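What follows is the residue order along each chain.
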Amino acid sequence: MSIGAGIVLFAIGAIIAFALNVQVDWVNLDMLGYILMGAGVVIFLVGLVLMMRRRRSDVITHTAVDPASDAQVTRRTTRTPDDTAGL
């Protein structure tokens, strides 16, 4: 969501800064376009960082044979990146 919003803000800012040739007394449209472009870049980068920080989990499966009963034993462990800090 934020990556798309950043791209949209950047595009709108570029259109305002470079494509419009309108003079308005109460606002500088070039500066407004540059501000929107900067905000779009910041929102895009924040979206990328949040996407990279998404939690990932690994499922580890260990299979062994119990020597006493000759039965197959399977153990499954789910591990998140926070769990690997102590390893």
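Scroll up for the structure.
Here is a short report on the structure shown in this document. Each chain has its residues counted from 1, following the order in which its sequence is written. Confidence filtering applies because this is a predicted model: local features only for residues at pLDDT of at least 70, side-chain atom pairs given and counted only at 80 or more, and all residues used for totals across whole chains, interfaces and linings. Values reported for side chains reflect all heavy atoms of the structure, with hydrogen atoms and water molecules removed beforehand.

Regarding the packing of aromatic side chains
Consideration 1: Only Phe, Tyr and Trp rings take part, Trp by its six-membered ring, and two of them pair if their centres are within 6.5 Å. Stacked means planes under 30 degrees apart, edge-to-face means over 60, and tilted covers everything else. Summed over all chains, the structure comprises one aromatic pair.
Consideration 2: Look at F18 and Y34: their rings are 5.9 Å apart centre to centre, the planes differ by 70°, and that puts the pair in the edge-to-face class. Within this pair, whereas F18 is found in helix 1 (residues 2–19), its partner Y34 is found in helix 2 (residues 29–52), the two being separated by 16 residues in sequence. Labels follow the DSSP assignment, with helices taken as runs of H or I lasting at least four residues and strands as runs of E lasting at least two, numbered in each case from the N terminus.

Concerning helix 1
Consideration 1: A helix is expected to span 1.5 Å for every residue after the first. In this model helix 1 runs 25 Å from its N-terminal to its C-terminal C-alpha over 18 residues, within 8% of the 26 Å that 1.5 Å per residue would give.
Consideration 2: Partly exposed describes any residue whose relative accessible area lies between the buried limit of under 20% and the exposed limit of over 50%, with all areas from a 1.4 Å probe on protein chains only and scaled to the type maximum. Looking at helix 1, one finds that the buried residues are G6, G13, A14, I16 and A17. All buried residues of helix 1 project into a common sector of 165° when viewed along the axis, lining one side.
Consideration 3: Any two residues having at least one pair of non-hydrogen atoms within 4.5 Å are treated as being in contact. Against helix 2 lie the buried residues of helix 1. The arc in question is traced by the directions running from the helix axis to the C-beta atoms.

Topic: helix 2
Structural remark: α-helix, 3.6 residues per turn; residues separated by three or four positions point the same way.
Consideration 1: Between the first and last C-alpha of helix 2 there are 35 Å, a value that for 24 residues agrees with the 34 Å anticipated at 1.5 Å per step.
Consideration 2: Along helix 2, the residues that are buried comprise L29, G33, L36, M37, G40 and G47.
Consideration 3: Of the surrounding elements, those touching the buried residues of helix 2 are helix 1.
Consideration 4: Polar contact criterion, stated in full: a pair of N or O atoms within 3.5 Å, where within protein one must be able to donate a hydrogen and the other to accept it, and residues adjacent in sequence count only if both atoms are side-chain atoms. Of the residues that open helix 2, the one with a side-chain oxygen 3.2 Å from the backbone nitrogen of D30 is N28.

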